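Observations on chain architecture
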Amino acid sequence: MGEFQSWFSTDADCLDYLEWLRWPEGFVCPDCGGLGGWRLGDGRFRCASCRLCTSVTAGTIFDRTRTPLTVWFTACWLFATQKDGISAQSLQRALEISSYQTAWAMLHRLRSVLVRPGRERLTGTVEVDETFIGGEEPGLRGGRAKGKKSLVGMAIEVHEPKGLGRCRMAILADASSASLHPFVAAHVEPGATVITDAWQGYSGINELGYTRDRRSQRATRLRGDDAFGLLPGVHRVASLAKRWLLGTHQGSVDEAHLQAYLDEFVFRFNRRTARSRGLVFHRVLELAVGHEPVRYHDLILNPQPKTHPPHGRPGWGHPPTLDRAPAYRPWRVA
Ligand SMILES: [Zn+2]
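So, here's what we can say about the structure. (Residues numbered from 1 in each chain as written. Predicted model: local features only at pLDDT ≥ 70, side-chain atom pairs only at ≥ 80, totals over all residues. Heavy atoms only, no water.)

1. Details of the nonpolar core
In summary, soluble globular proteins display a tendency toward joint burial of nonpolar side chains. In terms of nonpolar packing, the biggest core is built from 50 residues, with Leu18, Phe73, Phe281, Val284 and Leu285 touching the most fellow members. Breaking this core down by element, the ones donating at least two residues are α2 (11–22), β2 (45–47), α3 (69–81), α4 (88–95), α5 (100–112) and α10 (277–289). The element best represented in this core is α3, accounting for ten residues. Ignoring sequence-local partners within four residues, the contact set of Phe73 consists of Phe4, Phe8, Cys14, Tyr17, Leu18, Phe281 and Leu285. Among the nonpolar cores identified, the runner-up in size contains 23 residues, and Met154, Ala241, Trp244 and Val253 belong to it. (Core = buried A, V, L, I, M, F, W, Y, C linked by side-chain atoms within 4.5 Å. Buried < 20%, exposed > 50% of the residue type's maximum accessible area, 1.4 Å probe, protein only. Helix = DSSP H or I, 4+ residues; strand = E, 2+ residues; numbered from the N terminus. Contact = heavy atoms within 4.5 Å.)

Spelled out as structure tokens, the structure:
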């Protein structure tokens, strides 16, 4: 943390780092693609070809943010370096900002960059299964009230003789083959061996280019093995994900945002052996500066986010820098 603070003590430090991440070979105009330009006195760039004036944050998730970059970087640091992540309430407290919504929206903007378009699919031997997540409200009959739980598809690479690789998780409409086949196709590279239980929704995946290894619960019991050990990889992922949602986020994850939390869980799980948390921080920022802006409107689908944390903490003040002017907007010289 001390090293982090000495690296990024001013917005100019943060801008330099983002510039290095976004344009490692030098300025590239986001509008005309032209190479080369001038850095203006205020830190912006002017394209040598089309004369567009822009900033390194324009067109990224930091575009038009009213939050200082130093605050953004601290949020990003806490998000990346805490092994289990951070809740909006804890982030609000750590940043000492008055708005719970600001902390909430920052975390959701960070989550939204974690899934890179065109990321590689899983390969080798992959276990696939579904589980219900969310909606565990005490008092509800069986905890299975309709619309409260979401069906989630899980896929994970399993290594021989043991060990787990990367995983993927996505919300499914239902457990029919019309839902499961596209899930497998989206997340598993053809040619892989796909281990599933005997559920008929997986019938026919061989025709999509996979070798299905169908494990029957009954056959496992007859062998005297533990039936729960049928698909140990996906069960491990499911229990870790549920524990994480209940731990870091106290289970207060609504259905509309569940996929974003699953994306964060998968990102963390796939980096569980990362040697340096600093590298994870670097990666999150790299994804953030390569991602188009995420409007607040797009984050608050339904239901509305709470305007206050579950337990209010009055008296937390704004650091004075939060009141500064909006970020630069691109403009063109006539
Ligand atoms: Zn240009």
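2. Quick word on the packing of aromatic side chains
Within the structure shown, the criterion is met by 18 aromatic pairs. Both rings, one in Trp244 and one in Phe265, keep their centres 5.9 Å apart while their planes meet at 50°; by these two values the pair is tilted. Pair noted here: Trp244 is in helix α8 (residues 232–247) and Phe265 is in helix α9 (residues 258–270), with a separation of 21 residues, a long-range link. This pair shows no difference in class: Trp244 is buried, exactly as Phe265 is. (Phe/Tyr/Trp six-rings, centres within 6.5 Å; stacked < 30°, edge-to-face > 60°.)

3. Overview of the coordination of the zinc ion
Protein ligation of the zinc ion involves Cys29 (SG), Cys32 (SG), Cys47 (SG) and Cys50 (SG), the donor distances falling in the range 2.2 to 2.4 Å. Between consecutive donor residues of the zinc ion, the sequence gaps follow C-x2-C-x14-C-x2-C. Linking Cys29 in the loop between α2 and β1 (37–39) with Cys50 in the loop between β2 and β3 (52–54), this pair joins segments that are 21 residues apart in sequence. (Donors = N, O, S within 2.8 Å, 3.2 Å for Na, K, Ca; no water.)

4. Some words on the pairing of strand β5 (residues 150–158)
Along any regular strand, the residues point their side chains to alternate faces of the sheet. Counting buried positions along β5 yields nine of nine residues, so the element is predominantly enclosed. Covered by surrounding structure in β5 are Ser150, Val152, Met154, Ile156 and Val158 together with Leu151, Gly153, Ala155 and Glu157, the residues of both alternating faces. The pairing of strand β4 (residues 125–133) with β5 spans eight bridges and is classified as antiparallel. Directly across from Val126, in β5, lies its bridge partner Glu157. Bridge count for β5 against strand β6 (residues 164–172) is seven bridges, and the pairing is antiparallel. The partner of Leu151 across the bridge, within β6, is Leu172. Where β5 folds back on β6, the antiparallel hairpin that results is connected by five residues, among which Gly163 adopts a positive phi of roughly 115°. (Pairing = 2+ DSSP bridges.)

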